[in-house]
Amino acid sequence: MRQKIDKYDFKAFGQAIKAARKAKRITQRALAETLHVAVKYLADIENVGKIPSVPVLIQLVRTCGLPRERYFNPAVLQ
């Protein structure tokens with residue numbers, strides 16, 4: 001019998017990114033250029049809950065000023 005594995009819902013992460021980006025008055029295009037990703041990729045993260053790659057996830061948290069402890073284990077951040 002397979003065990004059910006809980007998955008993190010990235011829709012909430014996307015909403016947090018979108019809210020932080022708007023609060024900083026940064027356009028999707030400008031943020032996408034800063035991260036060196038396509039605007040569509042960023043839009044999918046914000047609106048659909050697409051799971052970002054780890055490097056993009058780290059850059060988004062840093063650039064948008066989100067609390068790192070919410071998304072990463074504090075023991076790993078040292």
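The coordinates are above.
Below is a short write-up of the structure.

Tallied over the entire structure, the rule returns two salt bridges. Notably, a salt bridge pairs E46 with R21, separated by 2.7 Å at the nearest N-O pair. Of this pair, E46 sits in helix α3 (residues 39–48) while R21 is found in helix α1 (residues 10–23), placing the two residues 25 residues apart along the sequence. Between K40 and D44 there is a salt bridge, with its nearest N and O atoms 2.8 Å apart. You can see K40 and its partner D44 sitting in helix α3, four residues apart, about one turn around the helix.

Since its relative accessible area comes to 18%, D44 is described here as buried. Among residues more than four places away in sequence, those in contact with D44 are G49 and K50.

Our next topic: the packing of aromatic side chains. Aromatic rings in a pair are described by how distant their centres are and how their planes are angled relative to each other. A complete count under the given rule lists one aromatic pair for this structure. Measuring from ring centre to ring centre gives 6.0 Å for F10 and F13, while their planes differ by 80°; the resulting arrangement is edge-to-face. Separated by three residues within a single helix, F10 and F13 lie in helix α1, roughly one turn from each other.

Here we take up the packing of helix α2 (residues 28–35) against α3. Relative orientation of the contacting elements α2 and α3 amounts to 110°, with a least axis distance of 9 Å. Viewed along their axes, α2 and α3 adopt a mutual orientation that is roughly perpendicular. For the pair α2 and α3, the crossing hand works out as right-handed. Residues Q28, R29, L31 and A32 of α2 pack against V39, L42, A43, E46 and N47 of α3.

On to the environment of G65, then. Counting through the fold element by element, G65 comes out in the loop between α4 (54–64) and α5 (68–71). Spatially, the C-alpha atom of G65 lies 7.4 Å from that of A20, the residues being 45 residues apart in sequence. Residues in contact with G65, not counting those within four places in the same chain, are K24 and L60.

What counts, and at which threshold
- Residues numbered from 1 in each chain as written.
- Predicted model: local features only at pLDDT ≥ 70, side-chain atom pairs only at ≥ 80, totals over all residues.
- Heavy atoms only, no water.
- Salt bridge = Lys/Arg side-chain N within 4 Å of Asp/Glu carboxyl O.
- Helix = DSSP H or I, 4+ residues; strand = E, 2+ residues; numbered from the N terminus.
- Buried < 20%, exposed > 50% of the residue type's maximum accessible area, 1.4 Å probe, protein only.
- Contact = heavy atoms within 4.5 Å.
- Phe/Tyr/Trp six-rings, centres within 6.5 Å; stacked < 30°, edge-to-face > 60°.
- Axes fitted to C-alpha atoms, helices over the stretch in contact; angles between N-to-C directions.
- Parallel < 35°, antiparallel > 145°, perpendicular 65-115°, else oblique.
- Left-handed = near helix turned anticlockwise from the far one by under 90°.

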